[in-house]
Amino acid sequence: MARPQNDTFLRALLREPTEYTPVWLMRQAGRYLPEYCATRKQAGSFLNLCKNPRAACEVTLQPLERYDLDAAILFSDILTVPDAMGLGLYFAEGEGPRFERPLADEAAIKALKVPDPYGELKYVMDAVSEIRGALNNRVPLIGFSGSPYTLACYMVEGGSSDDYRKIKTMLYSRPDLLHHILAVTADAVIAYLNAQIDSGAQAVMIFDSWGGGLSAAAYQEFSLRYLERIVAGLKREKDGEKVPVIVFTKGGGLWLESIAAIGADGVGLDWTIDLGEARRRVGDKVALQGNLDPSVLFAPAEVVAAEAVKVLASFDRPGPSNTGHVFNLGHGISQFTPPDVVKTLVDTVHAESRRRRQVA
């Protein structure tokens, strides 16, 4: 696994010197791009798109043809893992993801098994391999998974939820059952991410989208504990090259020090925490990823550029080293984002961060 021609993203995550701040965007391949919408229409459905390695490769590469991004991220969905566990994922029009067989009783929970990443999830590994070949070592490829707690939310609720009543009832009434779900899912995520690494992913990210909705004590017990277990179980080197790991808990800024202590290389931040304050709190223990508010991208181009500069300035501090920052949004890009403004964002981050390093 030779380093890509542009390895700036990997070097930033490993806190090595970089000439500029690398940038990629969560959900950078998605509905805001007309070419993605055309490919999805041709595929017939979102799930068909995810399960067709050639189509998944096509949409993964689409944003890289438009923008000078420093990394590609596998096009897939976090719910592929519970789908492979037999819960029956489907997407209802206007309702988002749903499961035909959510975890509603103890027998179903105790029957959960870790799926074979080269069996039920082979289409994901085929997509990773195909994308790596198509990238031709241009930029790194990021693999990913949902966190155990976030996946469990969908598995118990049966889909998205406004109040997470079912899973929180289980958390407080039958914590043993929830721990069983989380333990099996953590083992599944470890196997899944390690298979992505073996198939060609050069960095991996764990999305804990709903962990921030827990109390401080519950977050430590039901989310962070399993994130740490996954990080400890991941392959951190492949063919002589380090494979960095990023963890991201949306709404997790209150617990930043604890998240930074679990052994990951990078911590993703949403827009509710000041990047400079985050850096002061964790020092150089981990790289930081983020954290522009995605809604900024609805503003005029000059505002987008100015807000990007503010994020870069927030991370900067006096001294010879300004490495350890991967620019990203604080959450996924909205489907309503004008594509042209994304170019303004990417070009501004590159140009301004180069200028700042030259001045320093």
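As shown above, the structure is provided for reference.
Throughout what follows, the structure given in this document is the object of discussion. (Residues numbered from 1 in each chain as written. Predicted model: local features only at pLDDT ≥ 70, side-chain atom pairs only at ≥ 80, totals over all residues. Heavy atoms only, no water.)

1. A word on the overall build of the protein chain
At step 1: Along the protein chain, the regular secondary structure elements total 15 helices and 11 strands.
At step 2: A compact globule built from 360 residues would reach a C-alpha radius of gyration of about 21 Å, and the protein chain, at 19 Å, matches this within 12%.
At step 3: Along the first, second and third principal axes, the C-alpha set of the protein chain runs to 65 × 45 × 45 Å.
At step 4: Every one of the 360 residues in the protein chain was classed for burial, and the buried ones make up 59%.
At step 5: Expressed as a percentage of contacts within the protein chain between residues at least 6 apart in sequence, the contacts between residues at least 24 apart total 72%.
At step 6: Put simply, the protein chain shows about 14300 Å² of open surface, and 50% of that area lies on carbon and sulfur atoms.
At step 7: Once the 39 positive and 44 negative side-chain charges of the protein chain are each reduced to a mean point, those two points are 1 Å apart. (Helix = DSSP H or I, 4+ residues; strand = E, 2+ residues; numbered from the N terminus. Rg over C-alpha atoms; globule rule 2.2 N^0.38 Å. Buried < 20%, exposed > 50% of the residue type's maximum accessible area, 1.4 Å probe, protein only. Contact = heavy atoms within 4.5 Å. Areas by Shrake-Rupley, 256 points an atom, 1.4 Å probe, with all protein chains shown as cover. Lys, Arg positive; Asp, Glu negative; His and termini not counted. Charge placed at Lys NZ, Arg CZ, Asp CG, Glu CD.)

2. Thoughts on the nonpolar core
The nonpolar side chains of a soluble globular protein tend to be buried, and buried together.
At step 1: With 130 residues, the main nonpolar core has Phe9 and Leu345 as its most contacted residues.
At step 2: Residue contributions to this core peak at 14 residues, all from helix 10 (residues 175-199).
At step 3: When near neighbours in sequence (up to four residues on either side) are disregarded, Leu345 contacts Leu25, Leu292, Leu297, Val304, Ala308, Phe327 and Leu329. (Core = buried A, V, L, I, M, F, W, Y, C linked by side-chain atoms within 4.5 Å.)

3. With respect to helix 10
At step 1: For helix 10, built from 25 residues, the straight-helix expectation of 36 Å at 1.5 Å per residue is met to within 8% by its first-to-last C-alpha distance of 35 Å.
At step 2: Counting buried positions along helix 10 yields 19 of 25 residues, so the element is predominantly enclosed.
At step 3: Gly200 lies just past helix 10 and shows a positive phi near 135°. (Expected span 1.5 Å × (residues − 1).)

4. A word on the pairing of strand 8 (residues 245-249)
At step 1: Judged by how many residues are buried, strand 8 sits mostly within the fold: five of five residues are covered.
At step 2: Going residue by residue along strand 8, you find Val245, Val247 and Thr249 tucked away on one face and Ile246 and Phe248 tucked away on the opposite face as well.
At step 3: In this sheet, strand 8 lies alongside strand 5 (residues 203-208) in parallel orientation, the contact comprising five bridges. Paired with Phe207 across the two strands is Phe248, which belongs to strand 8.
At step 4: Both strand 8 and strand 9 (residues 266-268) contribute to a ladder of three bridges, which runs parallel. Residue Phe248 lies in a different strand from strand 9, and its bridge partner there is Gly268. (Pairing = 2+ DSSP bridges.)

5. Focus: helix 15 (residues 339-359)
At step 1: The end-to-end C-alpha distance of helix 15, which contains 21 residues, comes to 31 Å, matching closely the 30 Å that a straight helix rising 1.5 Å per residue would cover.
At step 2: For helix 15, every residue scored as buried is listed here: Val341, Val342, Leu345, Val346, Thr348, Val349, His350, Glu352 and Ser353.

6. Here's the deal with the sheet that holds strand 8
At step 1: The seven strands are arranged 1-4-5-8-9-10-11 in an open sheet whose pairing can be described as parallel. Each having just a single partner strand, strand 1 (72-73) and strand 11 (325-329) make up the two edges of the open sheet.
At step 2: Pairing geometry for strand 10 (residues 287-292) and strand 11, over five bridges, is parallel. By the bridge assignment, Gln289 is partnered in strand 11 with Val326.

7. Describing the packing of helix 14 (residues 301-315) against helix 15
At step 1: Contact pair helix 14 / helix 15: the axes reach a minimum separation of 9 Å and the direction vectors enclose 40°. Relative to helix 15, the element helix 14 lies oblique. Handedness of the helix 14/helix 15 crossing: right-handed. Contacts between helix 14 and helix 15 involve Ala301, Val304, Ala305, Ala308, Val309, Leu312 and Ala313 from the former and Val341, Thr344, Leu345, Thr348, Val349, Glu352, Ser353 and Arg356 from the latter. (Axes fitted to C-alpha atoms, helices over the stretch in contact; angles between N-to-C directions. Parallel < 35°, antiparallel > 145°, perpendicular 65-115°, else oblique. Left-handed = near helix turned anticlockwise from the far one by under 90°.)

8. Let's talk about the packing of aromatic side chains
At step 1: As enumerated under the stated definition, the model contains seven aromatic pairs in all.
At step 2: Seen from their ring centres, Phe207 and Phe248 are 6.5 Å apart, and the 90° between their planes marks the pair as edge-to-face. With Phe207 in strand 5 and Phe248 in strand 8, this residue pair connects regions lying 41 residues apart in the sequence. Accessibility classification places Phe207 together with Phe248 in one group, the buried group.
At step 3: Centre to centre, the rings of Tyr219 and Trp255 are 4.2 Å apart; their planes meet at 15°, and the pair counts as stacked. Separated by 36 residues along the polypeptide, Tyr219 in helix 11 (residues 216-233) and Trp255 in the loop between strand 8 and helix 12 (256-260) bring together distant segments of the chain. (Phe/Tyr/Trp six-rings, centres within 6.5 Å; stacked < 30°, edge-to-face > 60°.)

9. Overview of unusual backbone geometry
At step 1: The residue after Gly290, namely Asn291, is reached through a cis peptide bond having omega -5°.
At step 2: Mapping Asn291 onto the fold places it in strand 10.
At step 3: Of note, the phi angle at Arg15 is positive, near 60°, even though the residue is not glycine.
At step 4: Tracing the backbone shows Arg15 in the loop between helix 1 (8-13) and helix 2 (34-43).

10. Topic: the side chain of His325
At step 1: Positionally, His325 belongs in strand 11.
At step 2: With a relative accessible area of 2%, His325 lands in the buried category.
At step 3: Among the polar contacts listed, one links the side chain of His325 to the backbone oxygen of Gly290, at a separation of 2.9 Å.
At step 4: Those residues in contact with His325, other than ones at most four positions away along the chain, are Ala12, Thr21, Pro22, Leu275, Leu288, Gly290, Val311, Leu312 and Phe315. (Polar contact = N/O pair within 3.5 Å; in protein donor to acceptor, adjacent residues only side chain to side chain.)

11. A few points about the side chain of Ser145
At step 1: On the secondary structure map, Ser145 appears in strand 4 (residues 141-146).
At step 2: Residue Ser145 is classed as buried on the basis of its relative accessible area, which comes to 0%.
At step 3: Apart from residues lying up to four places away in sequence, Ser145 is in contact with Ile78, Val189, Tyr192, Leu193, Met205, Ile206 and Phe207.

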